[in-house]
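Fold and geometry: a report
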Amino acid sequence: MKKTILMTGTFDSKGKEFDYLYRELLRRGVSVIAMDVGVFAPVSSFPVAVTAGEVAKAGGVSLEELRREADRGHAMRVMCSGARHYAVKLQKEGAIQGIIGMGGGGGTSIAATAMQGLPLGFPKVCITTLASGDTREYVGTRDIVLFPSIVDICGINRFSAMVMSRAAGAVCGMVEKEPLPDQKEKPIICISMFGNSTPCVEKCAALLEKRDYAPLVFHATGGGGRSMEEMIAEGHCEACLDMTTTEWADELCGGILSAGPHRLEAAAKAAIPHVIAPGCLDMVNFGSFETVPEKYRDAGRVFYEWNPMVTLMRTNLEENIALGKILAEKANRSRGPVAFVLPLRGLSILDGAGQPFCDWKTNQVLFDTIRQYANPDIPILKVDANINDDLFAKEAVELLLKIMRDD
């Protein structure tokens, strides 16, 4: 059966470029549904299945009104909303098996917004001038492939033609073969991990695999935490072993790896078993040392250069009190079984005995604060080990399995 690709873009300003992309898609044997998200009349020659007027209407405003207002920001918001509506609608109807977009800042924003509404595993490719630097707003928590345009998307030349042709090949290849399903579906348990808690999580994952669970590990780098929260909210996970809550330290202190203020809420709302550890809450992440805010550099804080582009800052007493309150308050909202597991001999590799961030007195303040503010019925297991010791991994997994049985 022939596959169908949704091609979306501003056919008013990039009509010639989309003419070329359209032909490259057809050359590879797929069908194409073209969706126009430009505000003005298209200058393309291919058939448009979803017009700009339909997209604008789905976004809540008529195309004529957008033209009269001549407010680019408002038009962008409307077309983003309408494009997402149609992409999701077509995907749910089974009318499309992949999506490709192309553009500069505006076109990329609209295409990315549409793609973010589509499920994980659904092929998504966007040719963009913005495929470098901070792309978090465009990718979000979805598996969107940003394909660097190299040159500006302005005319067809040997470089732009090559890029568009390769991108067309990429999305067609992605839809050609469906992923093979697992022979045996195992219940998924999501786990949060960081470089400084990797040994712990690897041990936990191995123990869960022996119990016939499928551990799904997320890197706690902001986007990883958000992805995990979203996977839980969508009902993919049986339970959560939240070993690395470090993103909250970045949210509190302005670090670069914050997952936002809603981290630790999805499991509570989904009522799935949730074990929380204060993994790597001893550190806040910044870029190179020059990027560390002056208020911290001038305060005599403890820093560690993890690599030339990552500087870690040890959290202090006041921050650990605040973090303890946050973790307790998030756990208190849980509609399902929740428990804490606390490593008494260090929250990370760097917090081990004799290591640069070793400050177990401050850790104890964190633990005491969790106990003070957590509901009395929430179990809190203290383990006389570093987070990366075998004992801690074993106790954490056993605690999770216990509250899963008791649920």
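The structure under discussion appears in the preceding block.
Figured I'd write up the structure that's included with this text. (Residues numbered from 1 in each chain as written. Predicted model: local features only at pLDDT ≥ 70, side-chain atom pairs only at ≥ 80, totals over all residues. Heavy atoms only, no water.)

1. What to know about the overall build of the protein chain
Let me state the cut-off plainly: Starting at the N terminus, helices and strands are each numbered in turn, a helix being any DSSP run of H or I of at least four residues and a strand any DSSP run of E of at least two. Only protein chains enter the area calculation, which uses a 1.4 Å probe; residues under 20% of their type maximum are buried, those over 50% are exposed, and those in between are partly exposed. Every residue pair with non-hydrogen atoms within 4.5 Å of one another is taken to be in contact. Every accessible area reported is derived by Shrake-Rupley at a probe size of 1.4 Å, with residue values counting cover from the shown protein chains alone. Positive charge is attributed to Lys and Arg, negative charge to Asp and Glu, and no charge count is given to His or to the chain ends. Where a charge lies is defined by one atom per residue type, namely NZ (Lys), CZ (Arg), CG (Asp) and CD (Glu).
Within the protein chain, the secondary structure is distributed over 15 helices and 14 strands. Relative to its full complement of 407 residues, the protein chain shows a buried share of 53%. Put simply, 72% of the contacts in the protein chain that link residues at least 6 apart link residues at least 24 apart. A total of about 18,200 Å² of accessible surface is found on the protein chain, and carbon and sulfur atoms cover 53% of it. Here the protein chain carries 44 positive and 50 negative side-chain charges, and the mean point of each set is 4 Å from the other.

2. Considering the packing of aromatic side chains
Basically, it comes down to this: Each Phe, Tyr or Trp ring (for Trp, its six-membered ring) is paired with any other whose centre lies within 6.5 Å, and the angle between the two planes then decides the class: stacked below 30 degrees, edge-to-face above 60, tilted in between. Whether a charge lies above a ring is judged from NZ of Lys or CZ of Arg, which has to be within 6 Å of the ring centre and within 35 degrees of the ring normal.
Going through the model one piece at a time under the given rule, you end up with six aromatic pairs. An angle of 55° between the planes, with centres 6.4 Å apart, marks the rings of Tyr 304 and Trp 306 as tilted. One aromatic cluster is present, formed by Phe 11, Phe 18, Tyr 22 and Phe 46 through successive ring pairs. Here the basic side chain of Arg 297 rests over the ring of Phe 289, its NZ or CZ set 6.0 Å away from the ring centre.

3. What about the sheet that holds strand E12 (residues 310-314)?
This is how the line gets drawn: Whether two strands pair comes down to DSSP finding at least two bridges between them. Throughout, an axis means a line fitted to C-alpha atoms (over the contacting stretch in the case of helices), and angles, computed between N-to-C directions, take values from 0 to 180 degrees.
The three strands lie next to each other as E10-E12-E11, forming an open sheet whose pairing is antiparallel. Among the strands making up the open sheet, the edge pair consists of strand E10 (283-286) and strand E11 (303-307). Strand-to-strand twist of the sheet, defined as the mean angle between neighbouring strand axes without regard to direction, takes the value 30°. As judged from the four bridges shared by E10 and E12, these two strands associate in the antiparallel manner. Pairing of Asn 285 across the sheet is with Leu 312, part of E12.

4. Some words on the nonpolar core
Proteins that are soluble and globular tend to have nonpolar side chains buried together. Definition in use: Buried residues of nine kinds, namely Ala, Val, Leu, Ile, Met, Phe, Trp, Tyr and Cys, make up a nonpolar core once their side-chain atoms join them within 4.5 Å.
The biggest cluster of nonpolar side chains holds 36 residues, and the ones touching the most others in it are Leu 6, Met 35, Val 55, Leu 66, Met 79 and Ile 99. Secondary structure elements with two or more residues in this core: strand E2 (31-36), helix H2 (52-58), helix H3 (63-69), helix H4 (72-92), helix H5 (105-116) and helix H6 (136-139). Here this core gets 10 residues from one element, more than from any other, and that element is H4. Every residue in contact with Val 55, bar those within four places of it in the chain, is listed here: Met 35, Asp 36, Val 37, Val 50, Val 78, Met 79, Gly 82, Ala 83 and Tyr 86. Residues Val 201, Ala 239, Phe 392 and Ile 403 belong to the second largest nonpolar core, which totals 28 residues.

5. With respect to the environment of Ala 393
On the secondary structure map, Ala 393 appears in helix H15 (residues 390-406). Between the alpha carbons of Ala 393 and Pro 199 there is a distance of 9.0 Å; along the sequence they are 194 residues apart. In this view, Ala 393 contacts Cys 200, Lys 203, Cys 204 and Leu 207; residues no more than four positions away in its chain are not counted.

6. Section: the layout of surface pockets
To keep things clear, this is the line we draw: Only protein atoms enter the 1 Å grid used here. Points where a 1.4 Å probe fits but cannot escape make up a cavity, open sets with protein on both sides within 12 Å along at least five of seven lines make up a pocket, and a residue lines them when an atom lies within 4 Å of a point. Grid points are joined across faces, edges and corners, and a volume is the space filled by probe spheres set on the points. Polarity classes work like this: nonpolar for Ala, Val, Leu, Ile, Met, Phe, Trp, Tyr, Cys and Pro, charged for Asp, Glu, Lys and Arg, and polar for all others, with Gly in that last group.
Empty space within the largest pocket amounts to approximately 400 Å³. As for the largest pocket, its lining consists of 23 residues, of which Thr 10, Asp 12, Val 39, Arg 72 and Met 76 are closest to the centre. Each residue belonging to the lining of the largest pocket can be placed in one class, and the counts come to nine nonpolar, eight polar and six charged.

7. With respect to a nonpolar patch on the surface
Definition in use: Patch criteria: residues need more than 30% relative accessible area and no salt bridge. Like-charged residues are merged within 9 Å; nonpolar side chains of Val, Leu, Ile, Met, Phe, Trp and Tyr are merged within 5 Å. For salt bridges, the criterion is a side-chain nitrogen of Lys or Arg within 4 Å of an Asp or Glu carboxyl oxygen.
Nonpolar side chains collect at one region of the surface, where Tyr 304, Trp 306 and Ile 349 lie side by side and expose about 260 Å² of accessible area between them. Turning to its location among the elements, Trp 306 is positioned in strand E11.

8. Let's talk about empty space enclosed by the protein
Following the criterion strictly, the structure yields one cavity of 30 Å³ or more and no others. Forming the walls of the largest cavity are Met 102, Ile 127, Ser 149, Val 151, Asp 152, Ile 153, Ser 160, Val 163 and Met 164. When residues in the lining of the largest cavity are grouped by element, the largest group, three residues, is from helix H7 (residues 158-176).

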